[in-house]
Amino acid sequence: MQSSCSFRFVNKKLIMNLRDRVCETSEELISSELFVEVLERYVNKLRSKRVSLLKIFGKPVEEIGKDDINELVKVFCVLVKMPINAVTKLIENSECFARNPSLLLSFVDGLYNFWRQFERFIICDSTGDHLHKRPYRTFNSTIESLTHLVLQTYRSAGENISGQHPNIYRQVTAGAEVAVIALPREVKISGGSYQQLNAVPMIRQLLLYPPLLLNPPMNKRTGKFEKVEKNPLELLKINPSEWLCYPAKVGIQLILVYIHQNFFELGFSLCNLFELADDDFLNRPVDAVFLFGVPGNELDSMASIPTVFFDDHEKGLISAACPSKDEFGYFGYLKKMVLTLHNIKVMKNKKMPYHGAMINITTKGNRSKTILIIGDTGAGKSETIEALRIFGDSQIEEITIIADDMGSLDITSEGDVVGYGTEVGAFVRLDDLQAGYAFGQLDRSIIMNPNQTNARIILPVTTYDKIVAGFKVDTVLYANNYEQVDGEHPIIERLRTPQNALNVFRKGTAMSKGTTTSTGLVHTYFVNVFGPVQYCDLHDEIAKTYFEKFFENNIFVGQLRTRLGISNWERRGPEEAAKALLLQLAEA
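Remember, predicted model here, so these are calculated numbers, not experimental data.

Quick notes on the rules
- Residues numbered from 1 in each chain as written.
- Predicted model: local features only at pLDDT ≥ 70, side-chain atom pairs only at ≥ 80, totals over all residues.
- Heavy atoms only, no water.
- Buried < 20%, exposed > 50% of the residue type's maximum accessible area, 1.4 Å probe, protein only.
- Helix = DSSP H or I, 4+ residues; strand = E, 2+ residues; numbered from the N terminus.
- Pairing = 2+ DSSP bridges.
- Core = buried A, V, L, I, M, F, W, Y, C linked by side-chain atoms within 4.5 Å.
- 1 Å grid on protein atoms, 1.4 Å probe; cavity = no way out; pocket = protein on both sides within 12 Å on 5 of 7 lines; lining within 4 Å.
- Points joined across faces, edges and corners; volume = space filled by probe spheres on them.
- Axes fitted to C-alpha atoms, helices over the stretch in contact; angles between N-to-C directions.
- Contact = heavy atoms within 4.5 Å.
- Parallel < 35°, antiparallel > 145°, perpendicular 65-115°, else oblique.
- Nonpolar A, V, L, I, M, F, W, Y, C, P; charged D, E, K, R; others polar.

## Overview of the pairing of strand β27 (residues 556–561)
Link 1 in the chain: The buried fraction of β27 is high, at six of six residues.
Link 2 in the chain: Bridging between strand β23 (residues 475–480) and β27 involves six bridges; their strand directions are parallel. Considered in β27, the bridge of alanine 479 is made with leucine 560.
Link 3 in the chain: Direction of pairing for strand β24 (residues 492–494) relative to β27: antiparallel, over a ladder of three bridges. Within β27, the residue paired with glutamate 493 across the bridge is glutamine 559.

As structure tokens, this is what we get:
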């Protein structure tokens, strides 16, 4: 917006790189290179459709050129300060623009809506300026100022064209939707192909205006992540101006997620899922690196579905990569690869990863129980927990979410099984989020593909200190979403031996809910293709140890029939599962 601002359009995204400040007056805004570029793009869009709004130029569509657009810019500079009748007095040959105020007003409204159709991001470069040391002031002088200035400019022009004040003011996000403060920071990985990552700016603070609506190119994930024998970073040349690093605290692990500009909207959404690593956390060794959105075809030769990872034994970390193609433009690829890397590191430490939800329930009688519900995506874990929150209001003091989707188990020196989480947020299906399921954080949410099947919402559900605290596990349940309840198949069924339990969990049967390209009844090893499948022998050994410990410690192990995959039970199934859990809790 000023000389210190550069910008680029990437598909439907507008990325603004700032070194200092944004415009401070409407005249500065309208005269800026970015405004002129947006205006030209809007006129070209109208030109391609031969829309009647272009009649404001007073000439045939094919004759509208750069000079005409520059004249319109001058007109706008007047209209943000004076009524429309001043235009012809101050600007020569401007009668065509002032001739039909109603048409000009429609053009302005269309331009404003065209601007807002872009996903708009501000990157504040903190190199040498220490903007990350004063984030509030930086955000206030950039994203906040731009929002107010765009609204002020739009409203002033509209009022001076129409001669009327609007009766209703909608305070929408008119500037940027997300702003980040970033600077290059050397990562603690020595030499080789990792060295090029040091030049990529690392996000230190992030601001967004929720609820944020995004429409990424894909709404489901397919396949599993492939282990390869060559480091994908050795095939790649990183252009640091096209990338940002989101340093994620994934449980106790540090995973550096590098996001290409083609997928910035997905990368920024990580802020609602994983805590951003602070300076102290960045001093620890890196557990994994993940390049999300690699341009070109370099990864294609590595696997049939080139979402790949390499176990770098020499460096003691894992490196992963995913291509920058529309079919991979889904948040599930980003989230699940990060969790795959986490799970592999967990298994290498002889701990057991799980794909499931873990909660600690404190009753009003001050009894505390920690419940782990293991199940596939769409098995009814989150829905049952939210139903618990509603139906257990009279007997539950507090529900603490330890994990919404993935976590790990450890055995303490005292022999207790304790559970940990990975995420502070949830990536939840809107399709199954029925009215009354009060997540309570909707005003902080990021919503993706709201008009499609498998529409998703990312929202905060817990805090970092809770996911890493370590809770002693009392109950382990398999979320069965496909079997109807009858006399022989109760809602909660206790499994009597470690081997019987291992068979149920290892088989991993679930009714697919359309979150991936799989349909119908599917079977997945421990319902976890995110690490255990790729390291099956190692996981088998760990799982056997932990299931034997479950029974040795008299932990309740069983199945929970949520019936989420059965038609017409999408809501009632989790509700009845929640009620059965409450009854068991009262009897314990």
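## Description of the nonpolar core
Link 1 in the chain: Judged by nonpolar contacts, the single largest core of 80 residues is most densely connected at Val257, Phe290, Leu409 and Phe505.
Link 2 in the chain: If one sorts the elements of this core by residue count, helix α9 (residues 331–348) sits on top with nine residues.
Link 3 in the chain: By size, the runner-up hydrophobic cluster in this structure holds 63 residues, among which are Leu34, Tyr112, Ala176 and Leu207.

## Digging into empty space enclosed by the protein
It is the rolling of a water-molecule-sized probe over the atoms that shows where space remains empty.
Link 1 in the chain: This model, assessed by the stated rule, comprises five cavities of 30 Å³ or more.
Link 2 in the chain: The volume enclosed by the largest cavity comes to roughly 290 Å³.
Link 3 in the chain: Along the wall of the largest cavity there are 15 residues; nearest its centre are Leu29, Phe35, Leu111, Val150 and Thr153.
Link 4 in the chain: When contributions to the lining of the largest cavity are tallied by element, the ones reaching two or more residues are α1 (26–31), α2 (33–49), α6 (101–117) and α7 (135–162).

## Notes on the sheet that holds strand β19 (residues 425–429)
Link 1 in the chain: Read across the open sheet, the four strands follow the order β6-β20-β21-β19; overall the sheet is mixed. This sheet does not close on itself; its edge strands, each paired only once, are β6 (212–214) and β19. For this sheet, the mean angle separating the axes of adjacent strands, direction not counted, is 20 degrees.
Link 2 in the chain: Examined bridge by bridge, β19 and strand β21 (residues 456–460) share five bridges and lie antiparallel to one another. Note that in β21 the partner of glycine 425 across the bridge is proline 460.

## A look at helix α10 (residues 381–391)
Link 1 in the chain: For α10, the tally of buried residues reaches eight of eleven residues, placing the bulk of the element in the interior.
Link 2 in the chain: Of the residues making up α10, those classed as buried are Lys381, Ser382, Glu383, Thr384, Ile385, Glu386, Ala387 and Leu388.
Link 3 in the chain: Packing partners of the buried residues in α10 comprise β14 (352–363), β15 (368–374), β16 (396–403), β23, β27 and α14 (572–587).

## Brief notes about the packing of α2 against α6
Link 1 in the chain: With their axes 10 Å apart at the nearest point, α2 and α6 run at an angle of 110 degrees to one another. Taken together, the axes of α2 and α6 are roughly perpendicular relative to one another. From α2, Leu34, Phe35, Val38, Leu39, Arg41, Tyr42, Val43, Lys45 and Leu46 reach across to α6, where they touch Phe107, Gly110, Leu111, Phe114, Trp115 and Gln117.
Link 2 in the chain: Grouping the constituent residues of the contact of α2 with α6 by class yields eleven nonpolar, two polar and two charged.

## Digging into the pairing of β15
Link 1 in the chain: Of all seven residues that make up β15, five are buried, and the element is covered over most of its length.
Link 2 in the chain: Summarising the sheet, β14 and β15 pair through seven bridges and their orientation is antiparallel. When the bridges of β15 are listed, isoleucine 359 appears paired with isoleucine 371.
Link 3 in the chain: Counted along the chain from β14 to the antiparallel partner β15, the turn is four residues long, and its residue asparagine 366 has a positive phi close to 70 degrees.
Link 4 in the chain: When β15 meets β23, the two strands line up parallel, connected through four bridges. In the sheet register, leucine 372 faces β23, and the bridge partner there is valine 476.

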